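Fold and geometry: a report
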Amino acid sequence: MTSPTTDRSEAIAGALLMLAAGFFAWQTMDLRIGTALRMGPGYFPAILSGILFLLGLLVFLKAFRSTATSEAMGAIAWRGLLFILPAPVFFGLTVRGLGFVPALFLTALIAAMASMRMKLHWALLLAFLVTLFSTLVFSYALGLPFRRFGPWLPF
Amino acid sequence: MEFLSNLALGFSVASSLENLTFCLIGVLLGTLIGVLPGIGATATIAMLLPITFQLEPVSSLIMLAGIYYGAQYGGSTTAILINMPGESSSAVTAIDGYQMARKGRAGIALAVAAIGSFFAGTVSTFLVALFAPLLTTVALKFGSAEYFSLMVLGLIMSVALAHGSVLKALAMVVLGLLLGMVGSDIYDGTPRFTMGITAYADGLNFVAVAVGVFGIAEILRNLEDEHDRQVLTSHVGRLWPTREDFRAIVGPVLRGTGLGSVLGILPGGGAILASFASYTVEKKLSKNPGEFGHGAIAGVAGPESANNAGAQTSFIPLLTLGIPANPVMALMIGAMIIQGIVPGPNVASEQPGLFWGIIASMWIGNLMLVVLNLPLIGLWVKLLKVPYFILFPIIMAMCSIGVYSVASNTWDLYAVAFFGLLGYVMGKLRFEPAPLLLGFVLGPLLEEHLRRALILSRGDAATFINRPISLTLLLLAVGVLVLVFLPAIRKSRDEVFTESEG
Amino acid sequence: MVIRHLLGAVSAAAVLSCALTGAGFAQGYPERQITMVVPFAAGGPTDTVARLVAEKMSGDLGQQIIVENVGGAGGTLGAGRVAEADADGYTILLHHIGMATAATLYRSLPYDTTNAFEYVGLVTEVPMVMVARKDFEPVDFPGFIAYVKENADTVTMANAGIGAASHLCGMLFQSAIETQFVTVPYKGTGPAMTDLLGGQVDFMCDQTTNTSQQIAGGTVKAYAATSPERLAIFPDLPTVAEAGVPQMEVGIWHGIYAPKGTSEEVTTRLSASLQKALADEGVVKAMADLGTAPSPAADATPAALKAKLESEIARWKTVIEAAGVYAD
């Protein structure tokens, strides 16, 4: 492996950086740029997006003459992505409506399902214990202003 | 000998049974809440603040200070054990601390962090007691031009945070800087990159970003191939550092203490740089910089000392001027006001018992922490034996509570999910999270000080070289830049690079 | 003694929850704990005011008032939260002058300021003081105004960010003396005060909460107070009216609101409780330490707050539009 090869992950990395730079540059378009000595809100972001784009381009170009052996990207944690990421989102969506106790119970339950080793009854027990502990500590002992049961519930 | 009598007064106040008890309660509570994953010092203090309101002023502040140190300790513990930093300072600890934990050296990492912090805390407490008024005058010489130059220096040094490709590390710093711009422009209020979401008008929440790119990304990585791999935790190794370990940390701890003490005094954002700067210095001075990022003990000892020293000396502006250096200090001022003490330049002369009592309690609190935490290390490390599929749902639940409790902002929780995904993708593409986080905290400061310096100088860019402190810092930055791109050093970096690739 | 304090600390929060379960003696409202939203971070001056009165009102109402800090976007996030809350009297808002100024500073507010709330009453009005770095030349307020007019190209005025008290006072000052000079925004009062102490900027106008200790300590120079009367803590400091600029009279007033549709029975009950809290000796003393005083009972009423809000919206609309500064 002495001849240059294409490192696919590096190429993707470079492309994503340029994409991010493009996004920030696009968002900067509406902002007033100003001058170097009287900077507007857009000045700094505009320069930074430019630099980020250049760095992305360099990474992208270097990917095609890579001398290092390309490292496999490995498996992707689809199940993890599917259950871990929605957990905090679910908590955010329901903590005010359902209230702290049910929202946290369901959040822990959702997160627990991310592992294939987890059995449903163990997940339920774990979620129950986490909720019990957190409610005692945060709601009762520390008196945080969370509503334990929210207006979406009939009681 | 005024210093000695003042200190004696301080210790007599702080060592009353009552105050000792509150110090202990504060330290304990701070550690216990702070050690919950995803709950950092700011969230801990915000949660525990109301408890202190009905105490005597001195006791209340002593307890609050105890909570602050305790939460910082707790934050380092989660950074080391599960790669979950709750503060910008522990983000640096996570880099090598977590790698040490993966190699079965979690106990040693925790012990080193505790010992380094205690040493730094002791030294900087005496610095505060001896030189507080003098140091304050120095800090006041720092205007926006000086802070800007300091941030430039910090950014240039940040490249050393990466142990892979320098180019990609730079890209992460820049991306971090851009993410730091999210929110309302402070000069004319224009919302930037908020996508019309008012909840992000004050910027992205640091805890949401840090927990996402470090912690959640790590959980996802661990879930990748669970059927053919027992995740990291099986062996725990020894708990106590060996003689060689001790020898290896003497230098880093001393340098970290010095750096942290100096930077902590600057109320305009110096303390943020402390742990990053220490990491950079240790990596540059190390005989085998390739170790960094793979569990270097100096990468834990230095930044932890710097961080704790900075935490102590950042009390200086608060105590001598009544001005908060960070959000935690702002909370302490609120507590003082509710207690009927309006903090100001006269606190030291009008309330010497309170002033020196707090300083003495800083040291006592640090002592308690080390006494408390060394035995606890065994317990923390045992936590690693809990099967991972039980641990991570708990982590997710605590994260959600911690992030939400900071400002009751549900959008912060959505940000956690987004940055978790970003962190995971970054990991896949071999980007490192630490430079991103440094950019994220420095970005707003860099821009703010640059623009303010130019407003104050009426658009005269020469202000940066006309002011001696600023000029010195810029020259230092140039020096570091030259050092980084010196061929010899570049060569050694390339070796590291290929090493980590292969 | 020790034990008592110890118990106090550890059980502080437990007491809160006990208050919950131990309810039942109060007829009708309030039957459970009330959440008081403060649209700023914990520990700030507004939070301090809220916690002071919330504690006393809790005693009178027989139910705990819990302070919830919903900071962000100049207080509009917290105000928006309350505007959308159930109008059952269990979610109330403590906000300051920003309630009136946001109506103009923010061109797209998620709520209609004058139609989204019911009123409980005014709480306090914190005066402001014009302060300068201690080696600033002018000796008195008229001299100060003359100096600023003469050196409009070189003087700098700090403020704590758009919509902050110091920013409002600054806009008022510029329009009162009809002079434009450079203003330097900071992220909060702390950094602005640091630069003032370090002599990086020339002057600032801020609440006594933030300035009184620095004035007393001689680290800054005070020129005038923006209150109608001289301040009790600085009887030698002239008022802006005495110096001939009555247009600069301004105070950071705080009021308590409830969501639109909250019954009059509830607002009256809360108002009565607020008046009692404001008459409490401890509250009076705590406020005096901050250089302010509780609003008189006649102002701690729904009608007075409504009138204040409406007149202030009108007043600031002119000032803000003249300055052409917006927060979104």
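On a predicted model such as this, the values are computed, not experimentally measured, just so you know. Along each chain, the written sequence defines residue order, and numbers are assigned to residues from 1. In the order they appear in the text, chains get letters beginning with A and ligands get numbers beginning with 1. Per-residue local features are limited, in this predicted model, to residues with pLDDT of at least 70; the limit for side-chain atom pairs, both in listing and counting, is 80 or more; totals at the level of whole chains, interfaces and linings are taken over all residues. Derived side-chain values reflect all non-hydrogen atoms in the structure, with water molecules and hydrogen atoms excluded from consideration.

1. Brief notes about the interface of chain C and chain B
Put simply, the rule is: Two residues form a contact once any of their heavy atoms are found within 4.5 Å. Take a side-chain nitrogen of Lys or Arg and a carboxyl oxygen of Asp or Glu: if they are within 4 Å of each other, that pair is a salt bridge. Polar contacts, as counted here, are pairs of nitrogen or oxygen atoms within 3.5 Å of one another; within protein the pair requires one atom able to donate a hydrogen and one able to accept it, and residues that are adjacent in sequence qualify only if both atoms are side-chain atoms. Helix numbers and strand numbers start at the N terminus; a helix is a DSSP run of H or I with at least 4 residues, a strand a run of E with at least 2.
Counting residues at the interface gives 49 residues for chain C and 50 residues for chain B. If you look at where chain C meets chain B, you find 1 salt bridge. In this structure, the salt-bridge partner of Glu448(B) is Lys187(C), at a minimum N-O distance of 3.9 Å. Linking chain C with chain B are 6 residue pairs in polar contact (both at pLDDT 80 or more), by the criterion used here. Listed by contribution, the elements that provide at least two residues to the side of chain C that touches chain B are α1 (2-21), α2 (45-61), β2 (65-69), α3 (76-84), β6 (182-185), α7 (189-197) and α8 (208-216) of chain C. In terms of residue count, the dominant contributor to the side of chain C that touches chain B is α1(C) (7 residues).

2. Re the confidence of the model for chain C
Low-pLDDT stretches of the model should not have their predicted coordinates read in fine detail. What counts here: Across the chain, each position has a pLDDT score giving the predictor's confidence in that residue, from 0 to 100.
Confidence in the prediction of chain C, expressed as mean pLDDT, is 84, and 91% of residues score 70 or more. Model confidence for chain C, summarised as mean pLDDT per element, is weakest for α1(C) at 41 and strongest for strand β8 (residues 220-225) of chain C at 94.

3. Here we look at the interface of chain B and chain A
Here is the rule we go by: Here's the idea: put two parts together, see how much 1.4 Å probe accessible area each one loses, and the total over both is what we call buried area. Residues are grouped as follows: Ala, Val, Leu, Ile, Met, Phe, Trp, Tyr, Cys and Pro are nonpolar; Asp, Glu, Lys and Arg are charged; all remaining types, including Gly, are polar.
If you look at the interface, chain B gives 67 residues, while chain A gives 69 residues. Each partner contributes to the roughly 5900 Å² buried at the junction of chain B and chain A, and carbon and sulfur atoms together form 77% of this total. There are 2 salt bridges connecting chain B and chain A. For the salt bridge of Glu10(A) with Lys168(B), the shortest nitrogen-to-oxygen distance reads 2.4 Å. Taken together, the links from chain B to chain A amount to 6 residue pairs in polar contact (both at pLDDT 80 or more). For the side of chain B that touches chain A, the secondary-structure elements that each account for two or more residues are α3 (41-52), α8 (166-180), β2 (191-192), α9 (206-223), α17 (388-407), α18 (410-428) and α19 (433-456) of chain B. Broken down by element, the residue count for the side of chain B that touches chain A peaks at 12 residues, all from α17(B). Taken together, the residues that form the side of chain B that touches chain A break down as 47 nonpolar, 8 polar and 12 charged.

4. Considering the nonpolar core
Quick reminder of the rule: Buried residues of nine kinds, namely Ala, Val, Leu, Ile, Met, Phe, Trp, Tyr and Cys, make up a nonpolar core once their side-chain atoms join them within 4.5 Å. Only protein chains enter the calculation, and the probe is 1.4 Å; a residue is then buried if its accessible area is under 20% of its type maximum, exposed if over 50%, and partly exposed in between. All domain edges in this entry derive from an automatic or database-based domain assignment.
Judged by nonpolar contacts, the single largest core of 206 residues is most densely connected at Ile84(A), Phe91(A), Phe138(A), Leu142(A) and Phe315(B). Each of domain 1 (8-63) and domain 2 (78-141) of chain A accounts for three or more of the residues forming this core. Excluding residues within four positions of it along the chain, Phe91(A) makes contact with Phe100(A), Ala103(A), Leu104(A), Thr107(A), Ser400(B), Ile401(B), Tyr404(B) and Leu413(B). Within the second largest apolar cluster, 57 residues are counted, among which are Phe144(C), Val148(C), Cys169(C) and Val245(C).

5. Describing the packing of helix α6 (residues 106-140) of chain B against helix α10 (residues 243-264) of chain B
Packed helix pairs are characterised by how far apart their axes lie and by the angle those axes make with each other. Residue and element names in this part refer to chain B. Heads up, the rule is: Note on method: axes are straight lines fitted to C-alpha atoms, helices fitted across the in-contact stretch only, with angles between N-to-C directions ranging 0 to 180 degrees. For classification purposes, an angle smaller than 35 degrees is called roughly parallel, one larger than 145 roughly antiparallel, one from 65 to 115 roughly perpendicular, and anything else oblique. Two helices that cross are described as forming a left-handed crossing if the nearer one is turned anticlockwise from the farther one by less than a right angle, and a right-handed crossing if clockwise.
Running from N to C, α6 and α10 point in directions that differ by 40 degrees, and their axes come no closer than 9 Å. Taken together, the axes of α6 and α10 are oblique relative to one another. α10 is crossed by α6, and the crossing has right-handed handedness. Within the contact between the two elements, α6 uses Ile108, Val112, Ile115, Gly116, Phe119, Ala120, Val123, Ser124 and Leu127 and α10 uses Asp245, Phe246, Ile249, Val253, Leu254, Thr257 and Ser261.

6. Section: the environment of Ser408(B)
Locating Ser408(B) in the fold gives a position in the loop between α17 and α18. Between the C-alpha atom of Ser408(B) and that of Ala114(B), which follows or precedes it by 294 residues, the distance is 32 Å. Excluding anything up to four places from it in sequence, Ser408(B) contacts Glu68(C), Asn69(C), Val70(C) and Arg81(C).

7. A closer look at the confidence of the model for chain A
Model confidence for chain A is summarised by a mean pLDDT of 86, while 92% of its residues fall at 70 or above. Averaged pLDDT values over the elements of chain A bottom out at 88 in helix α3 (residues 78-84) of chain A and peak at 94 in helix α4 (residues 86-94) of chain A.

8. Comments concerning the domain arrangement of chain C
Residue and element names in this part refer to chain C. Partitioning chain C into structural domains gives domain 1 (31-125 + 252-323) and domain 2 (127-248). The centre of domain 1, based on its C-alpha atoms, is set 26 Å off from the matching centre of domain 2. Each side of the interface is counted separately: domain 1 has 15 residues, and domain 2 has 13 residues. Buried area between domain 1 and domain 2, both sides added, is near 1200 Å², and the carbon and sulfur share of it is 73%. Where domain 1 meets domain 2, there are 0 salt bridges. Taken together, the links from domain 1 to domain 2 amount to 1 residue pair in polar contact (both at pLDDT 80 or more). Of all the secondary structure elements, the ones that give two or more residues to the side of domain 1 that touches domain 2 are α4 (98-105) and α11 (302-323). The leading source of residues in the side of domain 1 that touches domain 2 is α11, at 5 residues. Partitioned by chemical class, the residues of the side of domain 1 that touches domain 2 number 10 nonpolar, 3 polar and 2 charged.

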